[in-house]
Amino acid sequence: MLTLNEKEHLYQIITSVIGDDSSIRAYKNSFTESTVDVVEKMIEADIKCNASMKELLSNLLLAGQTGAKGWLKKILKTQSKHLKKNDIKGAGCLVSVKSRWKKAIIMSAI
Amino acid sequence: MKKNIIFLLCYMFMAGCASTKITTIIYSGSFKLDLPTNNLAKAKILSIDGPSIKFSNNSTISGLIITKELESLPLSFNLHDYPSYSLGLKSTKKLPEIFQNKFLRSSDEIKKTYKPPQVFTDINNGKDIYIACNNDSCIEFIVNKDIADQILMITTSGFTQKQLIELTKGI
């Protein structure tokens, strides 16, 4: 089970990748460990919807090591203070790509 | 056609399928999906950029109607090429640079997420199907050659490629 703080940080990571999204935000309090798995897959797919993605990856690398399955869960539970809030710096991917991950994130939270 | 879908979903959900009542999920006036009503028992239905269903066994299916307006594509863009560009099956060199980059990023991500796509024409209704899956999830584009202003993107989890093709036949 994720703490409120972990859910908040997970949402910040999501916004770093696909931008702020009111419908995802509406499910933030229902995020689960399955949501962490979905977001980990999204980051590993190297989705580049946002110029902040580079900054996000730097922060994640600072916080720990990406690689083995479950790395994001570990970072959220132990070192989430390293994850900085990012601003949206421009949409760089198709709406359909963003929508596909958005659906997976919300489905994991219900 | 409907009998095949009913059999597939009855098999997937191990549900009693004595009834053949059908529920229709409407993505647009041109794209509709028929599902056996029995299989919607205990399902969660919500809207995430279009109708989305999480079935009782946690498998999911969602649809998104893609238009030029949705993607801010130029009027001259042929929407029927959208799946080929998105899946990296067609060169984007003739597109304006901003769209080249968007499609290239998309195809890179799809290649990392799914196995190589398959493309075929549904012999039952003439629609072009583009589908790519991994072990857990699939993406499918359905193009109706007679409809120029929209295509349908289906995303699923918990369905095999074969199951998804069978399920969306006749959509």
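Given the structure is predicted, the values throughout are model-derived calculations rather than measurements.

Enquirer: Just checking my understanding: could you explain the overall build of chain B for this structure?
Expert: On a plain count of helices and strands, chain B comes out with five helices and nine strands. Its helices and strands in sequence order give chain B the pattern α-β-β-β-β-β-α-α-α-β-β-β-β-α, from N to C terminus. By the burial criterion, 37% of the 171 residues in chain B qualify as buried. Long-range pairs, those at least 24 residues apart, make up 44% of the contacts in chain B between residues at least 6 apart in sequence.

Enquirer: Any chance you could explain the overall build of chain A here in plain terms?
Expert: What chain A contains, in helices and strands, is six helices and zero strands. Taking the intrachain contacts of chain A between residues at least 6 apart in sequence as the baseline, contacts between residues at least 24 apart amount to 84%.

Enquirer: Looking at this structure, how should I read the interface of chain B and chain A?
Expert: A common way to report how large an interface is uses the accessible area buried once the components associate. Each partner contributes residues to the interface: chain B has 23 residues there, and chain A has 18 residues. Secondary structure elements with two or more residues in the side of chain B that touches chain A: β3 (44–47), β4 (51–54), β5 (60–66), α2 (68–71), α4 (97–113) and β9 (151–157) of chain B. The dominant element in the side of chain B that touches chain A, judged by the number of residues it contributes, is α4 of chain B, at seven residues. Tallied by class, residues from the side of chain B that touches chain A come to seven nonpolar, seven polar and nine charged.

Enquirer: How do you make sense of the environment of Ile66 of chain B when you look at a structure like this?
Expert: You can see Ile66 of chain B is positioned in strand β5. For Ile66 of chain B, a count of 22 C-beta atoms within 10 Å puts it in the buried group. Sequence separation of Ile66 of chain B and Met153 of chain B is 87 residues, and the distance between their C-alpha atoms is 7.0 Å. The contacts of Ile66 of chain B, once residues within four sequence positions are left out, are Ser96 of chain A together with Glu71, Tyr82, Gln150, Ile151 and Met153 of chain B.

Enquirer: Whenever I open this one, the nonpolar core confuses me. Can you help?
Expert: Most often, soluble globular proteins have nonpolar side chains that are buried together. Core analysis: the biggest nonpolar cluster contains 32 residues, and Ile131, Ala132, Cys138, Ile142, Ile151, Leu152 and Met153 of chain B have the highest contact counts within it. Secondary-structure elements contributing two or more residues to this core are β2 (32–36), β5, α3 (82–86), α4, β7 (128–133), β8 (137–143), β9 and α5 (161–167) of chain B. For Ala132 of chain B, the residues in contact, after removing those within four places along its chain, are Leu87, Ile110, Tyr114, Lys115, Pro116, Pro117, Cys138 and Ile139 of chain B. Within the second largest apolar cluster, 28 residues are counted, among which are Met42, Cys49, Leu94 and Trp101 of chain A.

Enquirer: Can you walk me through α4 of chain B in this structure?
Expert: Helical geometry note: an α-helix holds 3.6 residues per turn, so side chains three or four residues apart project in the same direction. All names here are of chain B. Taking 1.5 Å of rise per residue, 17 residues should cover 24 Å, and α4 covers 24 Å from first to last C-alpha, within 8% of that figure. Every buried residue belonging to α4 is among Lys102, Phe103, Ser106, Ser107, Glu109, Ile110 and Thr113, and all of these are buried. For α4, the buried positions fall inside an angular range of 165° around the axis, keeping them on one side.

Enquirer: Just checking my understanding: could you explain the packing of helix α1 (residues 4–18) of chain A against helix α3 (residues 33–44) of chain A for this structure?
Expert: Helix packing geometry: the angle between the two helix axes and the distance between the axes. Residue and element names in this part refer to chain A. Here α1 crosses α3 at 30°, and the two axes come no closer than 11 Å. Between α1 and α3, the angle falls in the class roughly parallel. Crossing handedness for the pair α1 and α3: left-handed. Contact residues: Leu10, Ile13, Ile14 and Val17 in α1; Thr35, Val36, Val39, Met42 and Ile43 in α3. Broken down by class, the residue content of the contact of α1 with α3 amounts to eight nonpolar, one polar and no charged.

Enquirer: Would you mind showing me how to read α1 of chain A here?
Expert: All names here are of chain A. Relative to the 21 Å expected for 15 residues at 1.5 Å per residue, α1 spans 21 Å between its end C-alpha atoms, a close match to the ideal helical length. Those residues of α1 that fall on the buried side of the exposure criterion are Lys7, His9, Leu10, Tyr11, Ile13, Ile14, Thr15, Ser16, Val17 and Ile18. Looking one or two places after α1, you find Gly19, whose phi comes out positive at around 90°.

Calculation rules
- Residues numbered from 1 in each chain as written.
- Chains lettered and ligands numbered in written order.
- Predicted model: local features only at pLDDT ≥ 70, side-chain atom pairs only at ≥ 80, totals over all residues.
- Helix = DSSP H or I, 4+ residues; strand = E, 2+ residues; numbered from the N terminus.
- Buried ≥ 20, exposed ≤ 12 C-beta atoms within 10 Å, placed from the backbone.
- Contact = placed C-beta atoms within 7 Å.
- Nonpolar A, V, L, I, M, F, W, Y, C, P; charged D, E, K, R; others polar.
- Core = buried A, V, L, I, M, F, W, Y, C linked by C-beta atoms within 7 Å.
- Expected span 1.5 Å × (residues − 1).
- Arc of directions from axis to C-beta.
- Axes fitted to C-alpha atoms, helices over the stretch in contact; angles between N-to-C directions.
- Parallel < 35°, antiparallel > 145°, perpendicular 65-115°, else oblique.
- Left-handed = near helix turned anticlockwise from the far one by under 90°.

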